[in-house]
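# Topology and contacts: notes
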Amino acid sequence: MEIIVKAPASCGELIEGSIAGTPFLVTAPISVYATATVSDAFTGMQGLGTKAQEAVRRALALVEKDALPWGIRLESPVPQGKGMASSSADITACAYAAARAFGRELTARELMDIAIAIEPSDGIAFEGLSHVSHTTGELFGQYRNVPLIGISIFDVGGEVDTISYYQSKSAGGNQDDEYRRLLDTVDKAFHTADYRQEILLGQAATASARLNQVHLPKEGLDEFIALAKGKGALGVNVAHSGTVVGVLWESALPAGDIARRTEQIAQEFAGRYRYMQTVRLISGGVVCEIRS
């Protein structure tokens, strides 16, 4: 018996902020995954950090089991402390796999509740792009038919501890109206066809990145945005509580063109932002495979 569960990482968020004191984000899941495997071919917990182990314990409690009689292994290429949902992906994959081993398919909300009991979560357990509170787990909306926007991920350097960041996050003044406008733009995007949808998403993400400068500034961000747009990018998004910046490319742009333009950006911003990898925006949610 082998149960393999994949949960996506993220490149920060498309939008993150608060309205009327309620924190929220719009997810940006990407084509990079944490993978949890439950198997009777090995024993114990392999590769699970403290948070992933806690997720397994909470999942077992939810399905009213005392222990996992099989082995569970976690593998993840997602760097920690960068705002790429490394912990959320680990927690989601491990919790789902542990419960599924007993025949129970956890819902996205159950997975989100497990995650936020451990730390603020990116909401990658929900399918599509989700408008969700990363502190309470409340789902405000979901957007399907996610465009496969290309994302070239850059790192500004350092690490951010998610829990400490949210405990110390400055108010930054009342930005409610700005965030309402950005959510309206995202909503319009998913009522718009073709390339115009991607333009609107790029605009919303870039505006949110700029608004976040009052909370967690990224040095040289405006200059980087101008450079990316000069290369034909839709805009940028950021990890609002992390260190990565994503350059957003229209989904129809050939991979070779994205690679060439990304290399140009990396060369022109060398020594300031470090290029990491190029991925695609995808739908959130877990993927489960069962092998007998």
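Residues numbered from 1 in each chain as written. Predicted model: local features only at pLDDT ≥ 70, side-chain atom pairs only at ≥ 80, totals over all residues. Heavy atoms only, no water.

### Some thoughts on the packing of helix α5 (residues 176-189) against helix α6 (residues 194-211)
Following both chains from N to C, one finds α5 and α6 inclined at 160 degrees, their axes separated by 8 Å at the closest point. In terms of axis orientation, α5 runs roughly antiparallel to α6. As α5 runs across α6, the sense of the crossing is left-handed. Counted together, Glu 178, Tyr 179, Leu 182, Thr 185, Val 186, Lys 188 and Ala 189 of α5 and Gln 197, Leu 200, Leu 201, Ala 204, Ala 207, Ser 208 and Leu 211 of α6 form the full contact between these two elements. Considering only residue class, the contact of α5 with α6 consists of nine nonpolar, three polar and two charged. (Axes fitted to C-alpha atoms, helices over the stretch in contact; angles between N-to-C directions. Helix = DSSP H or I, 4+ residues; strand = E, 2+ residues; numbered from the N terminus. Parallel < 35°, antiparallel > 145°, perpendicular 65-115°, else oblique. Left-handed = near helix turned anticlockwise from the far one by under 90°. Contact = heavy atoms within 4.5 Å. Nonpolar A, V, L, I, M, F, W, Y, C, P; charged D, E, K, R; others polar.)

### Let's talk about the pairing of strand β8 (residues 235-238)
What you see with β8 is no split at all: Gly 235 and Asn 237 on one side and Val 236 and Val 238 on the other are buried throughout. In terms of strand pairing, β8 meets strand β9 (residues 244-249) through four bridges, oriented antiparallel. Bridge pairing in β9 links Val 238 to Val 245. Between β8 and β9, which pair antiparallel one after the other, the connecting turn spans five residues. (Buried < 20%, exposed > 50% of the residue type's maximum accessible area, 1.4 Å probe, protein only. Pairing = 2+ DSSP bridges.)

### Examining the packing of aromatic side chains
According to the stated counting rule, one finds eight aromatic pairs in the structure shown. With a centroid separation of 5.8 Å and 85 degrees between ring planes, the pair formed by Phe 24 and Tyr 179 is classed as edge-to-face. Here Tyr 179 lies in helix α5 and Phe 24 lies in strand β2 (residues 22-39), a separation of 155 residues in the sequence. Pairing Phe 224 with Tyr 273 gives two aromatic rings, centres 4.7 Å apart and planes at 45 degrees, and the pair type is tilted. Of the two residues, Phe 224 sits in helix α7 (residues 221-230) while Tyr 273 sits in the loop between α8 (255-268) and β10 (274-280), which places them 49 residues apart along the sequence. Residue Phe 224 shares its accessibility class with Tyr 273, and that shared class is buried. Three or more aromatic residues link up through ring pairs in this structure, and these residues are Phe 154, Phe 224, Phe 269, Tyr 273 and Tyr 275. Taking NZ or CZ as reference, Lys 6 lies 5.9 Å from the ring centre of Tyr 33, over its face. The ring of Phe 269 has Arg 272 lying over it, and the distance from NZ or CZ to the ring centre is 4.4 Å. (Phe/Tyr/Trp six-rings, centres within 6.5 Å; stacked < 30°, edge-to-face > 60°. Lys NZ or Arg CZ within 6 Å of the ring centre and 35° of its normal.)

### Quick notes on the UniProt feature "domain: GHMP kinase N-terminal" (unreviewed entry) in the protein
When the UniProt feature table is mapped onto this chain numbering, "domain: GHMP kinase N-terminal" (unreviewed entry) sits at residues 57-120. Note that residues 57-120 is 47% helix and 8% strand, and that its end C-alpha atoms are spaced 18 Å apart. (UniProt positions renumbered as here; feature names shortened; annotations may be inferred.)

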